[in-house]
Amino acid sequence: MSVILPKEINYSQPASLPEGTQCNSIVTSPVNGATFTPSSVVQFDLVQRGYLVPESLYIRYRNTITGGTAGAATNFIRGTPVYSFISRLETIVGSQVVESIQNYNQLSNMLVNCKMNYAQKVGLASSFGYTTADATLANQVDFGLARTNLANGGNLLGATAAAPLALSYAAPLGCILSNADKLVPLKYMPAVRIQLTLETLANAIQSPAGANTIASFSWSNVELCYDIIEFSPFVDQAISSRGGGMLTIKSQSYLSSGVTLPGASVGTLEFLFNQRLASIKSLFSILAGTNALVHLNTIFDSADVTGTAGGDYQFFIAGTPFPPRPLSTVQNRSGILMELSSAFGPAHDLLTSNFSIAPTEFNTGNTTTTTQTAMGKFYPSCNVEKLSTNDALLTGVSSQGSPISFRVSIGTATTNAQVINLVCLYDALLQIDMTQRTVVIMQ
């Protein structure tokens, strides 16, 4: 009688890796140029050998800012600087676009603010591009309440037309490949390309018109870095013999789209989003600004639209409300923050949230003036998974039969227009035929 031991008492672990196993670090340069300016496209081709280590994928580059006047405090990089210049990310397998994330910089800014605390931001300040005019980095945190110069954006105090400011950045590059839960066999897949579209100057940098205006930015020394593992032919043969050479790898990704909420909006409004997915894990809303005189960070701000009289938010998938009771800014505004925490992890694990959201940022409204050091970070969200702790391939709810709707009740008429962006976190399955070298993405 064979018995499958629980992992807690299974003491028979292999003493070493298979013979011939080796790890190689790959540094890939763009295939379509060496320097890139606003709205350019940057293309990286991954090697077609070995197995990609998903969590090793990151990007590094040098960004040169030209224009402005030294000491012009009005000029700064909005959002999370390392990501602020990336408008769209696409993953292309063969000739098929299997992933396209619009507003990648906006999404990444939300993820950084919701998955990293202030101390973690201090630790990665140099690579992420957070800057401050003060000398002591540690003094910039103050528990995120009083002074958060280091917590948001990057100053451009030294940029001038005669002396451009050269900044170096490096950060993980989240995509359907880097989110995979197992090694990705690049050697059995068609050619894989990661394509980045750079942001416009106006969206990435806050720079009022006048003598201090920033003229442009330019990427150089751009590199995509990752590790691949190579095994012996015996290991490859053992893998291909299972399941007739068919592999299924679970991953996840984000899908974003937006609609405009006009000024003078009031009452109950419902917005439809045609994002058809098989397994949605969580829903997020980013209520971005459009008036740079009020919401200085524009697309990187997220501000409450319900006004001083309050209101509520609620998602609907196939007629089912999420959460069952609306997220009310009147009844319990703090509950919205707990729902945001639940959207990033199991419902029973709320206290492990690593937010960098100060009370003033969470309370940002439609008419609140934001700054570089006090962004709008109000994100109505909801976990819609059927069972967050299960290891099944598909654990979310499906929107393939009907669109997703987002209902907003506004108590006080809005003054400024905003853009409501719906972000879906969804399960994605990579089905790889090792013999035919084909890939099908189920999402």
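Residues numbered from 1 in each chain as written. Predicted model: local features only at pLDDT ≥ 70, side-chain atom pairs only at ≥ 80, totals over all residues. Heavy atoms only, no water.

### Let's talk about the overall build of the protein
Line of reasoning, step 1. For the protein, the count of helices and strands is 8 helices and 22 strands.
Line of reasoning, step 2. Out of the 443 residues belonging to the protein, those deemed buried represent 50%.
Line of reasoning, step 3. Put simply, of all contacts in the protein between residues at least 6 apart along the chain, 79% involve residues at least 24 apart.
Line of reasoning, step 4. For the protein, the exposed area adds up to about 19,000 Å²; of that, 55% sits on carbon and sulfur atoms. (Helix = DSSP H or I, 4+ residues; strand = E, 2+ residues; numbered from the N terminus. Buried < 20%, exposed > 50% of the residue type's maximum accessible area, 1.4 Å probe, protein only. Contact = heavy atoms within 4.5 Å. Areas by Shrake-Rupley, 256 points an atom, 1.4 Å probe, with all protein chains shown as cover.)

### Describing the nonpolar core
Line of reasoning, step 1. Of all hydrophobic cores here, the largest spans 101 residues; its most connected members are F85, L196 and W219.
Line of reasoning, step 2. Those residues in contact with W219, other than ones at most four positions away along the chain, are A34, T35, F36, V42, I59, Y61, R62, N63, F85, I86, L196 and L198. (Core = buried A, V, L, I, M, F, W, Y, C linked by side-chain atoms within 4.5 Å.)

### Considerations on the packing of aromatic side chains
Line of reasoning, step 1. If you walk through the whole model with that rule in mind, you get 12 aromatic pairs.
Line of reasoning, step 2. On the numbers, 5.4 Å between centres and 45° between planes, the contact of F362 with F378 is tilted. Taken together, the positions of F362 in helix α8 (residues 359–362) and F378 in the loop between α8 and β19 (381–383) put the pair 16 residues apart, joining distant regions of the chain. Here F362 and F378 have matching classes, each one buried.
Line of reasoning, step 3. Among the aromatic side chains, those forming a connected cluster through ring pairs are Y313, F315, F362, F378 and F406. (Phe/Tyr/Trp six-rings, centres within 6.5 Å; stacked < 30°, edge-to-face > 60°.)

### Describing the sheet that holds strand β15 (residues 267–273)
Line of reasoning, step 1. Read from one edge to the other, the open sheet built from 4 strands follows the order β15-β20-β17-β18, with strand pairing classed as antiparallel. Every other strand in the sheet has two partners, leaving β15 and β18 (320–328) as the edge strands with one partner each. The average undirected angle you get between the axes of adjacent strands in this sheet is 15°.
Line of reasoning, step 2. Where strand β17 (residues 311–317) and strand β20 (residues 404–410) come together, 7 bridges link them in antiparallel fashion. From the neighbouring strand, Y313 faces β20, where its bridge partner is V408. (Pairing = 2+ DSSP bridges. Axes fitted to C-alpha atoms, helices over the stretch in contact; angles between N-to-C directions.)

### Comments concerning the environment of N75
Line of reasoning, step 1. Residue position: N75 is located in the loop between β4 (58–67) and β5 (76–77).
Line of reasoning, step 2. The buried category is assigned to N75, whose relative accessible area is 0%.
Line of reasoning, step 3. A C-alpha to C-alpha distance of 7.4 Å links N75 and P208, two positions 133 residues apart in sequence.

### Examining a nonpolar patch on the surface
Line of reasoning, step 1. Taken together, the side chains of V3, L5, I9 and Y11 present a nonpolar region at the surface, about 460 Å² in accessible area.
Line of reasoning, step 2. Its relative accessible area of 71% is what places Y11 among the exposed residues. (Patch = residues over 30% accessible without salt bridge, like charges linked within 9 Å, V, L, I, M, F, W, Y side chains within 5 Å. Salt bridge = Lys/Arg side-chain N within 4 Å of Asp/Glu carboxyl O.)

### Thoughts on the sheet that holds strand β11 (residues 192–198)
Line of reasoning, step 1. Read from one edge of the open sheet, 4 strands run β2-β11-β6-β7, paired in antiparallel fashion. With partners counted over all chains shown, the strands left at the sheet margins are β2 (41–45) and β7 (96–102), one partner each. Across the sheet, the axes of successive neighbouring strands diverge by a mean angle of 15°, strand direction being ignored.
Line of reasoning, step 2. As paired strands, strand β6 (residues 86–93) and β7 are joined by 6 bridges and run antiparallel to one another. Residue pairing across strands places R88 opposite Q102, the latter belonging to β7.

### Points about the pattern of salt bridges
Line of reasoning, step 1. Tallied over the entire structure, the rule returns 11 salt bridges.
Line of reasoning, step 2. Across the pair K187 and D236 runs a salt bridge, and its minimum N-O distance is 2.7 Å. With K187 in the loop between β10 (184–185) and β11 and D236 in helix α6 (residues 233–240), the pair connects residues that are 49 residues apart, well separated along the chain.
Line of reasoning, step 3. One connected set of salt bridges, linked through shared partners, spans K250, K281, E385 and D427.

### Observations regarding the side chain of H295
Line of reasoning, step 1. Inspection of the secondary structure puts H295 in the loop between β16 (280–289) and β17.
Line of reasoning, step 2. Here G365 takes part through its backbone oxygen, which lies 3.2 Å from a polar atom of the side chain of H295.
Line of reasoning, step 3. Engagement of the side chain of H295 in a polar contact is seen with the backbone oxygen of N366, the distance being 3.5 Å. (Polar contact = N/O pair within 3.5 Å; in protein donor to acceptor, adjacent residues only side chain to side chain.)

### Section: unusual backbone geometry
Line of reasoning, step 1. P323 follows F322 through a cis peptide bond whose omega is -15°.
Line of reasoning, step 2. Positive phi, normally seen in glycine, also occurs at S39, with a value near 70°.
Line of reasoning, step 3. Residue position: S39 is located in the loop between β1 (22–28) and β2.
Line of reasoning, step 4. On the basis of relative accessible area, S39 is assigned to the partly exposed category, the value being 46%.
Line of reasoning, step 5. One non-glycine residue, A264, adopts positive backbone phi at about 65°.
Line of reasoning, step 6. For A264, the location among the structural elements is in the loop between β14 (246–261) and β15.

### Section: the confidence of the model for the protein
Line of reasoning, step 1. Mean pLDDT for the protein: 87, with 88% of residues reaching 70 or above.
Line of reasoning, step 2. Across the protein, the element-wise mean pLDDT spans from 66 in strand β8 (residues 154–155) up to 98 in β2.
Line of reasoning, step 3. Every residue in residues 133–151 is under pLDDT 50, and counting partners more than four places away or in other chains gives 36 contacts. (pLDDT = per-residue confidence, 0-100.)

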